[in-house]
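In case you want the letters, here they are:
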Amino acid sequence: MPAVERAELTSADTADPAGRAPHPSRVGRLRSWLLVGLIDESGSHPGPHRAAPATPAHHSWWKVMCLTGVDYFSTLGYQPGIAALAAGLLSPLATVVLVILTLFGALPVYRRVARESHRGEGSIAMLERLLPAWVGKLLVLVLLGFAATDFLITMTLSAADATEHLVSNPLVPAGWSHHNLLITLALLALLGGVFLRGFSEAIGIAVVLVAVYLGLNVVVVAVGLEHVASAPGLLSDWRAALTSNYSSPWMMIGIALLVFPKLALGLSGFETGVAVMPQIAGDPDDTDDKPEGRIRGTRRLLSTAAVMMSVFLITSSVITTVLIPQSQFQPGGAANGRALAYLAHQYLGAAFGSVYDISTITILWFAGASAMAGLLNLVPRYLPRYGMAPEWARAVRPLVLVFAGIAFVVTWVFDANVDAQSGAYATGVLVLMTSASVAVTLSAHRRRHRRQMIAFAVIAAVFLYTSIVNIIERPDGVKIASLFIAGIIGVSLASRVGRSFELRTSRIVLDDKAAGFFTGHAGREIQIIAHGPDLGGEHTLGLKERQQRAETYIPAGDPVIFLEVTLSDTSEFSSALTVHGSTRQGRRVLAMSSPVVANSIAALLLHLRDEYGVKPNVYFEWTEGNPVRNFLRFLFLGVGEIAPTTREVLRRAEPDTTRRPRVHVG
């Protein structure tokens, strides 16, 4: 906290009328509490999207699969009901289409993502690397908007469905069913409160939750299949209903292909599957660049989860469609948002049904915690590196308050309705999967793997079609994502402008030749002339020196050193500087590469002052052109008004004018 703020907070606010010793103000304590723990690198937040700590704990792939499963498998709580509501009697057939896309589309794509993005960064990072400069950065910002939609709706949808299971339980007072919105908001508030307090993730919790939940679902599905098998008339009635409603099998297949995008919630686990990679134990000889054991474990995780979920999706779709009247899936019906729970109560009794409800509520709540952790780790992973996040966004608790507040608004807008939120959820999932399939297609193209490129391009086209259909039919997801994208881009640009005068350098290293220019010159003034590396041949150095000596009055007899900065990727906010020294035509030259010229020059001058004890002077020419346009060039292209910008960066970094390197302009 700045000294001025500290003085203000410890004066009148902390005065004690009884004369006792002053104590920290409530405002100061609140501020300190909110900003504690900038970027949670300890990995204390739960869920499959958590950031890996510096020395992450490693677990067997099947245990980590359970961590993914709190998000993926928990969709069984609402997926069968949503599928029946969307596809009606064709729900099993549409689910088969979804399973085919899962096993032969999403699974191959994410097995490739696991190979090429094995640090848990997922497909977004792949696209960032594959696409150049600002194009990649802007695409990342857009995808972050859809990812935020995915994670946020996971929170609100899971809380709403947990509420549905709670109020529909026969042991719960009937009056609670009129307060779904309040109960859902209370669950979200509890979720936010736990994260504000600090929630240490234990993978053992996920293992227990998933094991119990899947075990209960096995029982429900087995009992449901037994009832279907013991009453052949049920299947006959279903087939008769299909025949009376649809003229031919081809029409059934065609309609199933059209409606299956509404079932896309069943694809939600793949992006989380690659995000958990840092927690999977690999082989003893794994390296950071080639963790073959970890990649193999992740692929097992993805394949096993996909196969298990596919079996559950098909079987649950069959038994819910055949055993539950279609009217019960409609809003207000007993099976709406809780189809398997309906069967659990119907065929296994209130006691087993209540246990099933408790298990479902718990895993759905933990899925919301997973999504909150995903948001908390996704924002700091990208935006600070781009210089596109305010300082408070590096702290966990302010972000928890922001995301909890947004979740409250979304829940209120959708009135805690599971069906109404499914479209927005599916949009986020499908757009991320489309981006992943595009990323692996581009990667295969760059590696000249023609057959793989064609196969992945077909998968990308299918996901693109599915996304477009879902967006057209249920535009809520795009509306929410658009708000997120607009907010992210607006905050990002404001932050980039506000942080543009930082030093923006992580470290500076001079090679032996460059270091030799300054070694043994402590206390002496050093004359450095900024020189554009694109200005032509060696004769320009002599011309530039004569010009600067005439216009800026470099002390006669003082040798000069030329400094050349080559622009690298100007979309990057900061970088490490490696300074190379050389001699050309008898003149000493420093050369370095950086995404921004002025800030890197200022950082180098301060480094020379502190490391070698010299007193740097730097000499520039005035930049021609419109000042506003030059400032925009500085923000986005790393150039522009070099001289005044360098001076401003130095002024902010070193308030002591007697120690500040001097800037001269001629």
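It should be noted that the structure appears before, not after, this text.
Reading the values: the criteria
Residues numbered from 1 in each chain as written. Predicted model: local features only at pLDDT ≥ 70, side-chain atom pairs only at ≥ 80, totals over all residues. Heavy atoms only, no water. Helix = DSSP H or I, 4+ residues; strand = E, 2+ residues; numbered from the N terminus. Buried < 20%, exposed > 50% of the residue type's maximum accessible area, 1.4 Å probe, protein only. Contact = heavy atoms within 4.5 Å. Areas by Shrake-Rupley, 256 points an atom, 1.4 Å probe, with all protein chains shown as cover. Axes fitted to C-alpha atoms, helices over the stretch in contact; angles between N-to-C directions. Parallel < 35°, antiparallel > 145°, perpendicular 65-115°, else oblique. Left-handed = near helix turned anticlockwise from the far one by under 90°. Nonpolar A, V, L, I, M, F, W, Y, C, P; charged D, E, K, R; others polar. Expected span 1.5 Å × (residues − 1). Pairing = 2+ DSSP bridges. Salt bridge = Lys/Arg side-chain N within 4 Å of Asp/Glu carboxyl O. Core = buried A, V, L, I, M, F, W, Y, C linked by side-chain atoms within 4.5 Å.

(A) Spatial organisation of the overall build of the protein. For the protein, the count of helices and strands is 23 helices and seven strands. Looking at the protein residue by residue over its 666 residues, the buried ones come to 54%. Partitioning the intrachain contacts of the protein with sequence separation of at least 6 by distance along the chain shows that 79% fall at a separation of at least 24. Per element, the accessible surface of the protein, about 28400 Å² overall, is 63% carbon and sulfur.

(B) Just the side chain of Thr570, in detail. Structurally, Thr570 is set in the loop between strand S3 (560-567) and strand S4 (575-584). Those residues in contact with Thr570 that sit more than four places away from it in its chain are Trp134, Arg496, Pro595, Phe636, Leu637 and Gly638.

(C) View of the packing of helix H5 (residues 91-116) against helix H16 (residues 418-446). Their axes nearest at 9 Å, the elements H5 and H16 cross at an angle of 60 degrees. Here H5 is positioned oblique relative to H16, judged by the angle of their axes. The handedness of the crossing between H5 and H16 is left-handed. On H16, the residues touching Ala106, Val109, Tyr110, Arg112, Val113 and Glu116 of H5 are Leu432, Met433, Ala436, Ser437, Val440, Ser443 and Ala444. Grouping the constituent residues of the contact of H5 with H16 by class yields nine nonpolar, two polar and two charged.

(D) Main features of the packing of helix H6 (residues 122-130) against H16. Two elements in contact, H6 and H16, have axes whose closest approach is 9 Å; the angle formed by their N-to-C orientations is 45 degrees. It follows from the interaxial angle that H6 and H16 lie oblique. In this structure, H6 meets H16 at a crossing whose hand is left-handed. Along the contact surface, H6 presents Ser123, Ile124, Met126, Leu127, Arg129 and Leu130, while H16 presents Leu432, Ser435, Ala436, Val438, Ala439, Val440, Leu442, Ser443 and Arg446. Looking at side-chain class alone, the contact of H6 with H16 contains 10 nonpolar, three polar and two charged residues.

(E) The arrangement of helix H15 (residues 396-413) in detail. Compared with the 26 Å implied by 1.5 Å per residue over 18 residues, the 26 Å span of H15 between its first and last C-alpha is a close match. Just past H15, the residue Asp415 takes up positive phi, approximately 55 degrees.

(F) Spatial organisation of the sheet that holds S4. Strand order in the open sheet formed by seven strands is S1-S4-S5-S3-S2-S6-S7, and the pairing between neighbours is mixed. Looking at strand neighbours, the two that pair on one side only are strand S1 (505-510) and strand S7 (662-665), the edges of this open sheet. Averaged over all adjacent pairs, the angle separating strand axes in this sheet is 25 degrees, with direction ignored. Those strands touched by helix H23 (residues 642-653) are strand S6 (615-620) and S7, and its axis lies near 165 degrees from that of S7.

(G) How the structure looks around the pattern of salt bridges. Under the criterion given, the structure shown has 17 salt bridges. Note that Asp569 is salt-bridged to Lys137, the shortest N-O span being 3.7 Å. In this pair, Asp569 is assigned in the loop between S3 and S4 and Lys137 in helix H7 (residues 133-168), connecting sequence segments 432 residues apart. Looking at Lys137, the relative accessible area reads 3%, which means it is buried. Two residues, Asp610 and Arg659, come together in a salt bridge whose shortest N-O distance is 3.7 Å. A residue pair is termed long-range when its members are at least 10 positions apart, and Asp610 in helix H21 (residues 597-612) and Arg659 in the loop between H23 and S7 qualify at 49 residues.

(H) Highlighting the pairing of S6. Where burial is concerned, most of S6 is hidden: five out of the six residues are buried. Bridge analysis of strand S2 (residues 525-530) against S6 gives five bridges, and the strand direction is parallel. Its bridge partner being in S6, Ile526 is matched across the sheet by Pro616. Across four bridges, the pairing between S6 and S7 is parallel.

(I) Focus on helix H4 (residues 79-87). Most of H4 is tucked away: seven of the nine residues are buried. All buried positions along H4 are accounted for by Gln79, Pro80, Gly81, Ile82, Ala83, Ala84 and Ala87. One or two steps after H4, the chain reaches Gly88, where phi turns positive at roughly 60 degrees.

(J) Here's a closer look at unusual backbone geometry. Even without being a glycine, Asp415 presents a positive backbone phi close to 55 degrees. With respect to the helices, strands and loops of the structure, Asp415 is situated in the loop between H15 and H16.

(K) Structural context of the nonpolar core. With 144 residues, the main nonpolar core has Tyr110, Met155, Leu267 and Phe270 as its most contacted residues. At 21 residues, the largest contribution of residues to this core is made by helix H14 (residues 339-382). With residues up to four places along the chain from it excluded, the contact list for Leu267 reads Leu98, Leu101, Thr102, Ala106, Val429, Leu430, Met433 and Phe463. One finds Phe501, Leu635, Ala643 and Leu650 within the second-largest nonpolar core, a separate group that totals 38 residues.

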